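# Overview (structure and organization)
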Protein chains: 2
Amino acid sequence: MKQKQKIVILGAGYGGMILAARLQKSTVYRDAQITLVNKHNYHYQTTWLHEPAAGTMHPEKTRMKIDSVIDFNKISFVKDTVLEVKPEERKVVLENAELDYDILVVGLGSEPETFGIPGVHEHAFAIRSVNSVRVIREHIEYNFANYNKQDEKDDSLLTFIVAGAGFTGIEFIGELSERIPELCEEYDIPREKVKLYSVEAAPTALPGFDEELVEYAMNVLESRGVEFKINTPIEEVTAQGVRLKGGEEIHSNTVVWTTGVRGNSVIEKSGFESMRGRIKVEKDLRAPGHEDVFVIGDCALIINEEINRPYPPTAQIAIQQAYTAANNIKALIEGKKDLEAFKPDIKGTVASLGGKEAIGVVGSRKVYGNSASVVKKMIDNRYLFLLGGMPLVLKKGKLKFF
Amino acid sequence: MKQKQKIVILGAGYGGMILAARLQKSTVYRDAQITLVNKHNYHYQTTWLHEPAAGTMHPEKTRMKIDSVIDFNKISFVKDTVLEVKPEERKVVLENAELDYDILVVGLGSEPETFGIPGVHEHAFAIRSVNSVRVIREHIEYNFANYNKQDEKDDSLLTFIVAGAGFTGIEFIGELSERIPELCEEYDIPREKVKLYSVEAAPTALPGFDEELVEYAMNVLESRGVEFKINTPIEEVTAQGVRLKGGEEIHSNTVVWTTGVRGNSVIEKSGFESMRGRIKVEKDLRAPGHEDVFVIGDCALIINEEINRPYPPTAQIAIQQAYTAANNIKALIEGKKDLEAFKPDIKGTVASLGGKEAIGVVGSRKVYGNSASVVKKMIDNRYLFLLGGMPLVLKKGKLKFF
């Protein structure tokens, strides 16, 4: 009897989870030995993390035990941290073990992009994981609690800087602006003491979005007290706040860094050819020169040929890639040579602004306000449906629409 | 027409609130001009503060707007901080104003007693006010949140030292020991990582309590993971934790100081004769040599002649003193010379241990376990009843008995 092929999936993010869920529903789990590796025994929805970071949602709601969706009788699970891939040896080095593979799927996700700006790692927070957003929430609350205890009030405790007015930065400051009145009430702070800054180096907030939608979003956020500093690069993050280009300083005890992401550093450490940690994959999602390595999610670079620029790394694309990778892995296991080409099907993009506000594009239609907010929640629920069906939607979904 | 006499009450604690409530129910508010001075526009129940400090009760529940109980048409309210009394000039100096008085009532409450141990002010927390306990709660949660975010785990984040195993220290560590399992669940921390120390310089925990009750309390708390270090003076509090007598150090990011209280420093600043900030009052509660100054609550020192030691400052005594002071002020306003002597009527003392556990003495009976816990809640509710009747009990009372 021929030995079963070993499939190893690195990372239980959007891509890894959907892929594992697909494989356990197909014949692959019988014909091959599948192993899923992840740092935690839970999966979380990265795109929801701005909510627990601001404290408007409990972090528990953004995560699920992996075994609540993946059947560990069909797919083995290893809780460990990936250090390096050795593609020549078909081996993955984990912190506590090594794994051999015949087919590898890299779904390791992204890391914050700092553009080499000094002080980011030391002094800024990132919206990255359940662990990191719990710290942001508690840090914000601790600042509010400390303010009134001081004899000499330190206003930097109540000054919050969100670096980057892209998708995540806007979604986070939207949630935070909704939470501030509650925090003021809870900690006896006059609302006007709290300052919220959205600082963006590019010439516009929400680059890539339609101008009209950008203006709508800025109006909503400004009405809640957000001050925009657009076209304003940050030159340094310090223990006291940020120094902007031109020399202006804003004193703040809380800088949240959301200026975009790069691929996982494991990619570079493993010697794959990459750009900012992302591998420009073949049409079938394999790494060039590595017939046994698929890359999905934030570490896969795919060019949008219409505009000759990379697609931004989103959950939507990661999920679609997982479907293609599942089909292609099944084909390989069945000994087929013809693999499917990945074609992104961008259904739309909606950014929530906190409360019942959102903006975005669905198909070719612009949406904003409460209807966009409902669409956003449907998008989030749809993912849960793909992953675990209606039971998961009912358990973890966003069910308050109005 | 004769000018109305001016009565000024300093502090809206247990004593000041009950006194103001009594005076507005008598004829005094018509015959005199009464002013209540307090730092905040709210009153809080100091004896409940260990609960919001541990996070087992919302701080909102421990406080009430002063005007929800005191009618500001009958009693004027000044929100300000008392700096000094000038008894020779019959004047009170506030941060933003000065007030003249004909009759003064000092109900300013206590301050933490540090016994001159170095580092307490700089590095330890005190259970003192709504502002201070919100910081303790948030500090604890921030430690839990930070633990898992660190690459190298710092166990001092999960080590909690309560200095003092007296009434407040035991009540606080009791609540905290109840909260720890919840925090472990919330922040993915194994329970055995968390260390709770109760450190006491005296040869016993809960000095003054019956031995059998002390043992019951220690057993309950030890079963929840509290480690006692009795007969162990703390020599210094540092940024790293505490240094005990003999040299042992415990590394901790959280030291809560509960080794007892002294009278308010305003007493000494104002030149009153005092012992550790407390004035040994006459039988009618007036300060010796000051016929126009009453002292109630934690700044009043009264000797228990049975044992020739001062009564410990408690809410119970402050409330009873407020009744006597109200009667005596009414008598003075009516031109009478014969004032009532204050006689403490100690009905009992119950210390809660968190959850449904408590120990104490009611009358001459020892109580412990759930029945003591029910008694404790009835004591807390009785105060609310005295202050604002059943409506206040229903709004702010402890109504979950079982």
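What you are looking at is a predicted structure, and each value in this text was computed from that prediction instead of being measured.

## Some words on the pairing of strand E14 (residues 226–229) of chain A
Consecutive side chains along a regular strand alternate between the two faces of the sheet. One ladder, built from four bridges, connects strand E13 (residues 195–199) of chain A with E14 of chain A; its direction is parallel. Among the inter-strand pairings, Val199 of chain A is bridged to a residue of E14 of chain A, identified as Lys229 of chain A.

## Comments concerning the interface of chain A and chain B
Quoted interface sizes are often the accessible area lost when the parts come together. Counting residues at the interface gives 22 residues for chain A, matched by 22 residues for chain B. Counting the surface lost from both chain A and chain B, the interface buries some 1900 Å², and carbon and sulfur atoms represent 47% of this. Three residues stand out in chain A for area buried against chain B, namely Glu138, Tyr142 and Glu186 of chain A, and they jointly supply 29% of the buried area on that side. In this assembly, chain A and chain B are joined by six salt bridges. With a closest N to O distance of 2.7 Å, Arg63 of chain A and Asp188 of chain B form a salt bridge. On the surface where chain A and chain B come into contact, there are 16 residue pairs in polar contact (both at pLDDT 80 or more). When residues of the side of chain A that touches chain B are traced back to their parent elements, those giving at least two are helix H5 (130–147) and helix H6 (167–187) of chain A. The element contributing the most residues to the side of chain A that touches chain B is H5 of chain A, with eleven residues. When grouped by side-chain class, the residues that make up the side of chain A that touches chain B number seven nonpolar, six polar and nine charged.

## Description of the domain arrangement of chain A
Residues and elements named next belong to chain A. Along its sequence, chain A is carved into domain 1 (5–112 + 261–346) and domain 2 (120–257). A C-alpha centroid distance of 32 Å is found between domain 1 and domain 2. Counting from both sides, the interface comprises 19 residues of domain 1 and, opposite them, 16 residues of domain 2. Carbon and sulfur atoms make up 65% of the area that domain 1 and domain 2 hide from each other, which totals about 1600 Å². Applying the counting rule to domain 1 against domain 2 returns zero salt bridges. Counting every contact that joins domain 1 to domain 2 gives four residue pairs in polar contact (both at pLDDT 80 or more). At the level of elements, strand E3 (42–44), helix H3 (50–54) and strand E10 (110–112) are the ones that each hand at least two residues to the side of domain 1 that touches domain 2. Per element, the largest residue contribution to the side of domain 1 that touches domain 2 is five residues, and it comes from H3. Partitioning the side of domain 1 that touches domain 2 into residue classes produces eight nonpolar, eight polar and three charged.

## A short note on the sheet that holds strand E1 (residues 5–10) of chain B
All names here are of chain B. Taken together, the five strands give an open sheet; going across it, the order is E5-E2-E1-E9-E21, and neighbouring strands pair in parallel fashion. A single partner strand is all that each edge strand has here, and the edge strands are strand E5 (76–79) and strand E21 (293–295). The sheet shows a mean angle of 20 degrees between the axes of neighbouring strands, direction not considered. Two strands pair when backbone bridges link them, and strand E2 (residues 32–38) and E5 are joined in this way by four bridges, in the parallel orientation. Bridging across to E5, Thr35 finds its partner in Ser76. With respect to the sheet, helix H1 (residues 14–25) is in contact with E1, E2 and strand E9 (103–106), its orientation differing from that of E1 by roughly 150 degrees.

Cut-off values and rules
Within every chain, residues take consecutive numbers counted from 1 along the sequence as written. The order in which chains are written sets their letters, starting at A; the order in which ligands are written sets their numbers, starting at 1. Side-chain atom pairs in this predicted model are given and counted only at pLDDT of 80 or more, local residue features only at pLDDT of at least 70, and totals for whole chains, interfaces and linings cover all residues. Remark: hydrogens and water are excluded; side-chain values derive from all non-hydrogen atoms of the structure. Each pair of strands is called paired provided DSSP finds at least two bridges between the two strands. Secondary structure is summarised from DSSP: a helix means a run of H or I of at least four residues, a strand means a run of E of at least two, and numbering begins at the N terminus for each. Whether two residues touch is decided by their heavy atoms; if any such pair falls within 4.5 Å, the residues are in contact. By convention, the term buried area covers the 1.4 Å-probe accessible surface removed from two parts as they join, with the contributions of both added. We define a salt bridge as a contact between a side-chain nitrogen of Lys or Arg and a carboxyl oxygen of Asp or Glu at a distance within 4 Å. Polar contact criterion, stated in full: a pair of N or O atoms within 3.5 Å, where within protein one must be able to donate a hydrogen and the other to accept it, and residues adjacent in sequence count only if both atoms are side-chain atoms. When residues are sorted by character, Ala, Val, Leu, Ile, Met, Phe, Trp, Tyr, Cys and Pro go into the nonpolar class, Asp, Glu, Lys and Arg into the charged class, and all the rest, Gly among them, into the polar class. An automatic or database domain assignment provides the domain bounds reported here. The convention used is that axes are lines fitted to C-alpha atoms, helices contributing only their stretch in contact, and that angles between N-to-C directions extend from 0 to 180 degrees.

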